[in-house]
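Working through the structure, step by step
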Amino acid sequence: HNESPEECYGHKWSLRTFWKYLESQGVDWQKVWRRIKNTCIKTVMCGHPDMLQVFKKESQSDYNCYKLFGVDFFMDDALKPWLLELNNFPSMEKASLDRFVNDPMIAETYNVAGFHYFGKPTTKQKQVLRDKYNLGTLDFEPHLYTRVKTEEQEEKEAYYSEDGLQREDYLDMVNPDELTPRDVRQLVRAEDELSQCKLYTRIFPSKDSNQFLKFLTPPSYSDYLLDAWEAKYSDNRE
């Protein structure tokens, strides 16, 4: 048993330590990491229809919804990753070694999920909170999460509802003069979530994730919208 995840010995290492060890052995760990990420995407997509069904039943708002999974991999002697299991309720162990990973992960999960402050502070308390946490506004804006669709939105979604669209078929949907109010709300939230990723890595959607859209049955309008956004602006987010 080891007490620090930063040392290359013992029963538990951090990913960073593992990559450092593989690099010292002359292994291209980036290739290993890509394989793991691709397997994660495919694993989630296997359960996507069931997840979507539960989401539509349980979620009453676009304010936020998140689920934390634990994914366990086994690696063979060729460093090929094999999925062992997907934990629906991963354990948040209190042991000191696990806290090295769990504490920052939990904090960042809440940041990415985007929980708002619902208290009713005084003007002075608001200023204290802004100064302490380097915040902009503290006010919850419900209009950002409305599910109301305009007639224009309904027509646009119907136009891009065909299964099996190629990227060139839907890239124009993110042109500035083509964006609807609901499009803008979705893109604002997506960029806001991504801006909170410090140690997390978003693996879907990404610039190259369109290869996985064929595994969705069928992709949603939002899938096409976010994929077009990544294709056009992932290298120039400003």
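Below: a short report on this structure. None of these values were measured; they are calculated from a predicted model.

Some points on the packing of helix α8 (residues 181-195) against helix α9 (residues 221-233)
Where α8 meets α9, the axes come as close as 11 Å, and the angle between the chain directions of the two elements is 60°. The angle between α8 and α9 falls in the class oblique. Relative to α9, the crossing made by α8 is right-handed. Between α8, through Asp183, Gln186, Leu187, Ala190 and Glu191, and α9, the contact on the second element is made entirely by Tyr221, Ser222, Leu225, Leu226, Trp229 and Glu230. The residue makeup of the contact of α8 with α9, split by class, is six nonpolar, two polar and three charged.

Things to note about the environment of Lys198
Relative to the assigned elements, Lys198 resides in the loop between α8 and α9. For the pair Lys198 and Lys67, spaced 131 residues apart in sequence, the C-alpha to C-alpha distance is 18 Å. Here Ser195 takes part through its backbone oxygen, which lies 3.0 Å from a polar atom of the side chain of Lys198.

Focus on unusual backbone geometry
Cis rather than trans, the peptide bond between Phe204 and Pro205 has omega equal to 0°. Unlike most non-glycine residues, Leu79 shows phi in positive territory, near 60°. Position of Leu79 relative to the elements: it lies in the loop between β1 (70-75) and β2 (81-87).

Rules behind the numbers
Residues numbered from 1 in each chain as written. Predicted model: local features only at pLDDT ≥ 70, side-chain atom pairs only at ≥ 80, totals over all residues. Heavy atoms only, no water. Axes fitted to C-alpha atoms, helices over the stretch in contact; angles between N-to-C directions. Helix = DSSP H or I, 4+ residues; strand = E, 2+ residues; numbered from the N terminus. Parallel < 35°, antiparallel > 145°, perpendicular 65-115°, else oblique. Left-handed = near helix turned anticlockwise from the far one by under 90°. Contact = heavy atoms within 4.5 Å. Nonpolar A, V, L, I, M, F, W, Y, C, P; charged D, E, K, R; others polar. Polar contact = N/O pair within 3.5 Å; in protein donor to acceptor, adjacent residues only side chain to side chain.

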